[in-house]
Each structure stands twice: as structure tokens, then as C-alpha cells.
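One letter stands for each residue in the lines below.
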Amino acid sequence: MNKAKRVAGVFLSSVLTISLLLTGCSDSEGGPETQGGKNGQKEPVTLKFSFWGDTIEKKTVTEALERFEQETGIQVEPMHVPADYLTKMTTMVAGNVAPDLGYLSSGAALSWGRDGKLLNLTPFMENDPDFKKEDYLDQIWYEIEPGNIIAMSTAVEGYGLMYNKDLLLEAGVELPPTDANKAWDWDTFVEYAKKLTLDDQGRNALDPNFNPDKIRQFGLQYDPYNMMAAVVSNGGNFLTEDGTGFGLARPEAIEAIQKLADLMYVHHVSPTPLQTKNMPDTALQTKKVAMTVSGNWALQAFAEQDFNLGVGVLPKLKESNTLLDGAPTVIFKSTKHPEEAWLLYKYMTDPESVLPLIEGGLWMPLKKEWYTNPELINKWAAGNKAHPEGYTEAFMKQTIENGFRTPGFEVKNLDKINALVTPALDLVWTGKQKAEEALKGVEPKVLPLIEGYYGR
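Reading the values: the criteria
- Residues numbered from 1 in each chain as written.
- Predicted model: local features only at pLDDT ≥ 70, side-chain atom pairs only at ≥ 80, totals over all residues.
- Heavy atoms only, no water.
- Helix = DSSP H or I, 4+ residues; strand = E, 2+ residues; numbered from the N terminus.
- Polar contact = N/O pair within 3.5 Å; in protein donor to acceptor, adjacent residues only side chain to side chain.
- Contact = heavy atoms within 4.5 Å.
- Pairing = 2+ DSSP bridges.
- Axes fitted to C-alpha atoms, helices over the stretch in contact; angles between N-to-C directions.
- Buried < 20%, exposed > 50% of the residue type's maximum accessible area, 1.4 Å probe, protein only.
- 1 Å grid on protein atoms, 1.4 Å probe; cavity = no way out; pocket = protein on both sides within 12 Å on 5 of 7 lines; lining within 4 Å.
- Points joined across faces, edges and corners; volume = space filled by probe spheres on them.
- Nonpolar A, V, L, I, M, F, W, Y, C, P; charged D, E, K, R; others polar.
- Salt bridge = Lys/Arg side-chain N within 4 Å of Asp/Glu carboxyl O.

Participant: Provide a residue-level description of the side chain of aspartate 128, including the pertinent values.
Facilitator: Take aspartate 128: it is sitting in the loop between helix 5 (122–127) and strand 4 (141–145). A distance of 2.7 Å separates polar atoms of two side chains, one belonging to aspartate 128 and the other to lysine 346. If we skip the residues at most four places from it in the chain, aspartate 128 touches Trp342 and Lys346.

Encoded structure:
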């Protein structure tokens, strides 16, 4: 029996079980929710699945939903929302017309989960003989409190160093390591970034005559808002370990954040926010930038461009790591079909269901086996343009061994805290204040908002 038939058999069996359970719970008259159709037959269940994403993601998700329909008989209405997604969801939830399940931002998911607007997935997982929580990565769970899991990540998104290999070879720069044990220390990283930063006369940033006002090629593009990898690498975090203090105002975090700002304003190797606005999406291909720090999703776009892509682990301050991101997929509590919604939820977490998005570089899989089983690894992380040589070590292995989650997975009240922290950091990223001044300055306003961590 092939894979598709096995999957279909499992889902059809599950649907039959649910149908029997629903029939057993019905009254003797057969109410509208159990029969409701002509000749005493049940009306077909239709689920609404909401999601965002580009053309490729829209196509792949829609096709996965169509296969689920064919395998289960449960109808699914795709609801693709390419812009203003959270505004749309907020309006629908307020009007009690939310979809059955779909993507959500981490902040909204945790807030709405706390307010009881999302289903707790734990009972479904515990009562489903075909589901094993231990099959999935430990870092993907959104948990309001012990026993109340409201989501998994839609996908895993690890971070790493991506670069135009030809530019590094031309400059005689050592290629970034893919082994975490050999990750560049910060000084080495800055030196190489300087060597790769060129002014309009071709002088690099190590040259005493280098002109920082006329840069034609930056050695690096490092979005400072992805700062948490550097902060944690230096021994800091967003909150203190006990969840009572503002971790970004501690010396370890301040030092890391200032080093990121120095890449722009002291070393001149990375574009400022204003300069970044004028950078094309093809900056690596068009030699505007030699290296960039980004999440796994960027590989999809880079694979479609014509240049020699390389990947490596992030540079380190004290310890090598990678940042893990991944917005959640949730089941809204207002669904009238929770059992069927769970079946679709489970289906969409299976890497096989969304393989084109994983193979194409947009997503990383949720299941552990796809990081350890050579046969499965070859399905997505090797032998294709989106996953160049070194990817399995620099991204895949690093995710398993040294991946830590963004604050969005577990910091309570994060949206309100960030409403204060983001403007303070803007002063750092625009060169108007030093990190210590900005973060110490906002700390008294942040402290009353700190409520600790979810799931602890």
C-alpha cells in the first residue's frame, strides 16, 4: 500500500470514528447537527481555512486542502488573505464569523488563547491514537499554561548566514563555517564584513581612504530587528530567567544590541534602516550586498535568482545558536466542527502534505524525523537549489541542536511591551541613541507590564 493510500485510510477511519461518536451523542429524533439533510442523511461538513502567503504558498496550501477533501470527504473552503490579515481575523472573531482554523500572529494567538477564543489542542492530541506529540520538535508549541496548548508553529523558520559565494571568493574571504563549533567570533565576522564592503572607488572598509558616504557594496545586510540571536549568543534574553525583569536592559543584551548598531554606524558594513529601504530584493544577486542574515524563508526567493548561493551558521558572541521563528496555526473556538477541524489541522502539520513549500525553501518541517532520517532529509534539504551545500549542517542541524525560540512564543503581554521597546530600539537603529541609554531609559515603563512567561 503506498503512502497516499495509507494516509487516506487513516483519515477515512478517523472520520468514520467521529461520525459514530457524533451519532451516538445525538437524540432519538436526529437533530439538525447530526442528520439535517434529506432522507435522514448528514449534511456534508465544510471547514474554512484562513492563511496568508505569496503565490507559491497560496497554490501549495490550496492543493493540500484539495487533497484533504479527496481523502476524507470533508469539504474545505480556502480563505487566502494576502494583506491586513490580523485586521481581517479580528473583525471576523468580533463578529463571531471566524474561520474554523488558520494562521495567526503569535501575539494574537497567545492573547486570544488566554481569553478563551481558541481551542485547547491537548485533548485532541491525547485522544488521537494516530498522533504522538513526541514526533514533533520541542520548539514549536504555543502553550498558554501547562496542559493548554493552543497551537503549533505553521512551520519552523531557522536563521542563518546567506551569501553570494562568488563575491567572497573574489575578495579572498574565507567562506562562513557551516559547523557551529567553528562559527566566526564577532571580531572575525566584522573583519570579513569590512573586507567585503566597497566604496565607489573599489576600496574596502579596511582601507584608511575608504569613503563610508559612497558605498556601492555592503559586506553585510543584518536587519537589527532580528537581534535576539545576538542577544542570546551573548548570554542575554528579552526577559530575565525568572520572568520578572527586563532582560534587554541587562549588560549582556545591551552589549549585543550596541554591536549590531555599530555594524551600521561605526564599521559601516551594513546598511542603515533608511538605506535598507532602497535595497532591492535581489541585493545578493546584483552585488549590492555580499552576505545577509535572514530566516529560512528567504531561500525560496534566492533559489529563483541567478547567483551562487552559499549558507553558514550565524556569527557568535559567546555561544553559537540560531533563532527559531514560526507563526502559529490555530483552531478557533467558534468552530462548529472541532473534530473535523482537528483532522485538517493534523493533516497540515504533516510535511508530506506541504512538501513543495518545504522543498522550495519557504518552510522547515515540524517533525523530528525529517531532520534525522536520511531518506526524508533527501526529500527536502539536499539536492535542490533552495538548499545549497552546507544547509543540512548550518540550518537543519543547528535548528535541532542550538535553536531557541523568539520571545513571541512565550512572553506574556509582549505586544504591549513591544509598543514601548520598539520605539526605544528605533533610536538605536537610527543612530540617535546608544543602546544603554535607550533601553535603560524605557525600562521603568516596561517593568509594570512584565507578567512573565506563558507555559511555565
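Participant: Which residues make up the sheet that holds strand 2 (residues 75–80), and what are the values?
Facilitator: Strands sit in the order 2-1-3-12-5-4 across an open sheet of six strands; the sheet is mixed. Each of the sheet's edge strands pairs with one partner strand only, and the pair in question is strand 2 and strand 4. Put simply, the sheet's adjacent strands are angled 25° from each other on average, direction ignored. In this sheet, strand 3 (residues 101–103) lies alongside strand 1 (residues 46–51) in parallel orientation, the contact comprising two bridges. When the sheet's bridge partners are listed, serine 50 is paired in strand 3 with glycine 102. Packing against the sheet, helix 4 (residues 106–114) makes contact with strand 4, strand 5 (148–153) and strand 12 (328–331), and its axis sits at approximately 35° to strand 4.

Participant: Just give me the short version of helix 4, but keep the residues and values in it.
Facilitator: Helical geometry: 3.6 residues make up each α-helical turn, so side chains three or four residues apart lie on a common side. Here helix 4 has its buried residues at Ala108, Ala109, Leu110, Trp112 and Gly113. On its buried face, helix 4 is in contact with helix 3 (85–94), strand 4, strand 5, strand 12 and helix 16 (414–429). Taken from the residues just after helix 4, glycine 116 is the one with a positive phi, measuring 80°.

Participant: Go over the pairing of strand 10 (residues 309–312), please, and point to the residues and values.
Facilitator: The side-chain alternation of strand 10 yields two buried faces, one formed by Leu309 and Val311 and the other by Gly310 and Gly312. With four bridges joining them, strand 6 (residues 157–164) and strand 10 adopt antiparallel strand pairing. The residue of strand 10 that forms the bridge with methionine 162 is valine 311.

Participant: Can you lay out empty space enclosed by the protein for me, pointing to particular residues and giving the numbers?
Facilitator: Per the counting criterion, the structure on display carries four cavities of 30 Å³ or more. What the largest cavity holds in volume is close to 100 Å³. Lining the largest cavity are Phe49, Tyr103, Met152, Ser153, Thr154, Thr329, Tyr345, Met348, Thr349, Trp363 and Leu366. Contributing elements (two or more residues each) for the lining of the largest cavity: strand 5 and helix 12 (338–348). The residue inventory of the lining of the largest cavity, partitioned by class, reads seven nonpolar, four polar and no charged.

Participant: I'd like a description of the pattern of salt bridges, backed by residues and values.
Facilitator: Applying the stated criterion across every chain, the model contains ten salt bridges. Residue arginine 203 pairs with aspartate 199 through a salt bridge whose shortest N-O separation is 2.9 Å. Arginine 456 serves as the salt-bridge partner of glutamate 241, at 3.9 Å between the closest nitrogen and oxygen. With glutamate 241 in the loop between helix 8 (228–233) and helix 9 (251–265) and arginine 456 in the segment after helix 17 (435–446), this pair connects stretches of sequence that are 215 residues apart. Take glutamate 241 and arginine 456: they sit in the same class, and that class is exposed. Because the salt bridges share partners, they merge into one network encompassing Glu241, Arg405, Glu410 and Arg456.

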